[in-house]
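Structural overview for review
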Amino acid sequence: MKIVIVPSGFKECLDAEEVALAMERGVRRFDQTIDMEVIPMIDGGEGFAKTIVNLKDGELIYQQVTGPVGEKVLGHFGLFVENDKRTAVIEMAAVSGLKLVPRDQRNPLKTTTYGVGELILSALDLGVDNILIGCGDSGTSDGGAGMAQALGVQFFDKKHRYVHINGGEDLLKVDSLDLTKLDKRLQTVAIDVACNWQNILCGEEGVARVFGPQKGATPVQVEQLSSALEHYATLIQETVGTDVRSLPGSGASGGLGAGLIAFTGATLHPRFDIIMDYINIEEKILTADIVFTAEGSLDFQTPNGKIPSEVARIAKKNNIPVIAITGTIGKGADLNYHAGIDAYSSIIQKPTSLEMAIKKAPKWIEESTESVLRQVTIGLDIAKRKFLKERVYQR
């Protein structure tokens, strides 16, 4: 039996490499000699820059930047050279991720992407030819306005007073945008963005209503944020002529996608498609007898371009079975059966606190992987016995 393991990370817990190592240990507990290929997979969120840089023999560059709640954090971005071109890899989660927002300060009306803009400026200072930005695991919902300010965009109120964007709520104070001081070097650099193609900025399916509660917003704050982003979209359309409200990916990372389109000329891509340009997993998946994937929470959102469903889509080209190991099983998880995931299993073994689940996650992932494999072999043994009985009967 050939097993291919292609997990994503567990948000705020383990990155993809750590999940992959735990799953690998689980397989080895079952059988030390089993044929196995392990491919940690990234979706633009935590671990994005590190993984790409490792694959491309590049380096990580560390820098103090503005974090999501306004305090300085040690961020990083990647840099590698290929075909004589210098590419920077920016992971928004490294400077504006939910993991960096203290639990008692989780209010997307008050978090900023300013640090993302600071990393873009640092990459421009290094004379890069391309910038690859990963959108995922965000703790912000400012529409990328903080990033835009770091890059030189100015925001003014009705009295033409400068407005500093500390979070999504400040967008309601803005009456006009001024792009005259926007860094001109953005015009000479190609910027590609790996994002969730399904996320849009505004409307009933907009980022405020879909993801605001996950970032700590109350129902009242969700409506306030939705109004702020709608107003922001109007300002962008009036200033640059682009209606970003429902563009694919515009809602990525709390609307950072919209800001990247409007102010940097970035091209947004379905995250799995562009990441496949850097990590070729299709050939390896198609060699498998069974594929294991993983995600922190399996729910109704998973089929919308998240790693387990994309892995399943590839596997189903050759009718290869797919099993997902997950931290929690959420609302609408059964939709994943229709997305090509044949079975899924939670690692949670008993009622527990979030803190304990995070602490025990590596061990529980390992044990769950072993347990699922043992269940698979029960099915194989049943099939084998049935086959042998039929042969005896035929004789």
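One structure accompanies this document, and this report is about it. (Residues numbered from 1 in each chain as written. Predicted model: local features only at pLDDT ≥ 70, side-chain atom pairs only at ≥ 80, totals over all residues. Heavy atoms only, no water.)

**Points about the overall build of the protein**
Counting its secondary structure elements, the protein contains 13 helices and 13 strands. For 395 residues, the compact-globule estimate of 2.2 N^0.38 gives 21 Å, and the protein sits close to it at 23 Å. Structurally, the protein occupies a C-alpha span of about 90 × 50 × 35 Å along its principal axes. A burial count over the protein gives 54% of its 395 residues as buried. For the protein, restricting intrachain contacts to residue pairs at least 6 apart in sequence, the fraction spanning at least 24 positions comes to 72%. (Helix = DSSP H or I, 4+ residues; strand = E, 2+ residues; numbered from the N terminus. Rg over C-alpha atoms; globule rule 2.2 N^0.38 Å. Buried < 20%, exposed > 50% of the residue type's maximum accessible area, 1.4 Å probe, protein only. Contact = heavy atoms within 4.5 Å.)

**Focus: the sheet that holds strand S2 (residues 35-38)**
Across the sheet, which stays open at both edges, the 5 strands sit in the order S2-S1-S11-S12-S13 with parallel pairing between neighbours. At either margin of the open sheet sits one strand with a lone partner, and together these are S2 and strand S13 (343-346). Across the sheet, the mean angle from the axis of one strand to that of its neighbour is 25°, orientation sign disregarded. Here strand S1 (residues 2-7) runs beside strand S11 (residues 290-298); their pairing, made up of 5 bridges, is parallel. Within S11, the position partnered with isoleucine 3 by the bridge is isoleucine 290. Sheet strands in contact with helix H11 (residues 307-315) are S1, S11 and strand S12 (322-329), and its direction is about 160° off that of S11. Across the face of the sheet, helix H13 (residues 354-394) comes into contact with S1, S11, S12 and S13 while running at roughly 140° to S12. (Pairing = 2+ DSSP bridges. Axes fitted to C-alpha atoms, helices over the stretch in contact; angles between N-to-C directions.)

**Observations regarding the sheet that holds strand S4 (residues 72-82)**
Across the sheet, 6 strands lie side by side as S3-S4-S5-S6-S9-S10; this open sheet has mixed pairing. Two strands bound the open sheet, and with one partner strand each, they are strand S3 (59-66) and strand S10 (267-270). Put simply, the sheet's adjacent strands are angled 25° from each other on average, direction ignored. Here 8 bridges tie S3 to S4, and the two strands are oriented antiparallel to one another. What sits directly across from isoleucine 61, in S4, is phenylalanine 77. Sitting on the sheet, helix H2 (residues 48-55) touches S3, S4, strand S5 (85-91), strand S6 (130-134) and strand S9 (190-195), and the angle it makes with S5 is about 150°. This element, helix H8 (residues 252-264), spans S6, S9 and S10 of the sheet and lies at about 160° to S9.

**Some details on unusual backbone geometry**
Glycine aside, residues mostly have negative phi angles, and peptide bonds mostly take the trans form. At aspartate 57, a position not held by glycine, the phi torsion is positive, near 55°. As for its position among the elements, aspartate 57 is in the loop between H2 and S3. For asparagine 83, which is not glycine, the phi dihedral falls at a positive 55°. Its location among the elements puts asparagine 83 in the loop between S4 and S5.

**Comments concerning H8**
Counted at 1.5 Å a residue, the expected span for H8 with its 13 residues is 18 Å, but the 15 Å between its end C-alpha atoms falls short. Inspection of H8 places Ala252, Ser253, Gly254, Gly255, Leu256, Gly257, Ala258, Gly259, Leu260, Ala262, Phe263 and Thr264 among the buried residues, and these make up the whole buried set. Downstream of H8 by one or two residues, glycine 265 has phi in the positive range, about 70°. (Expected span 1.5 Å × (residues − 1).)

**What to know about the packing of helix H7 (residues 219-240) against H8**
It is the contact of H7 with H8, at a shortest axis distance of 11 Å, that shows an interaxial angle of 15°. Classified by the angle between their axes, H7 and H8 sit roughly parallel to one another. Considering how the two elements wind past one another, H7 and H8 form a crossing that is left-handed. Taking contact as the criterion, the partners of Tyr232, Ile236 and Val240 in H7 are, on H8, Gly259, Ala262 and Phe263. Here the residues of the contact of H7 with H8 are counted per class, giving 5 nonpolar, 1 polar and no charged. (Parallel < 35°, antiparallel > 145°, perpendicular 65-115°, else oblique. Left-handed = near helix turned anticlockwise from the far one by under 90°. Nonpolar A, V, L, I, M, F, W, Y, C, P; charged D, E, K, R; others polar.)

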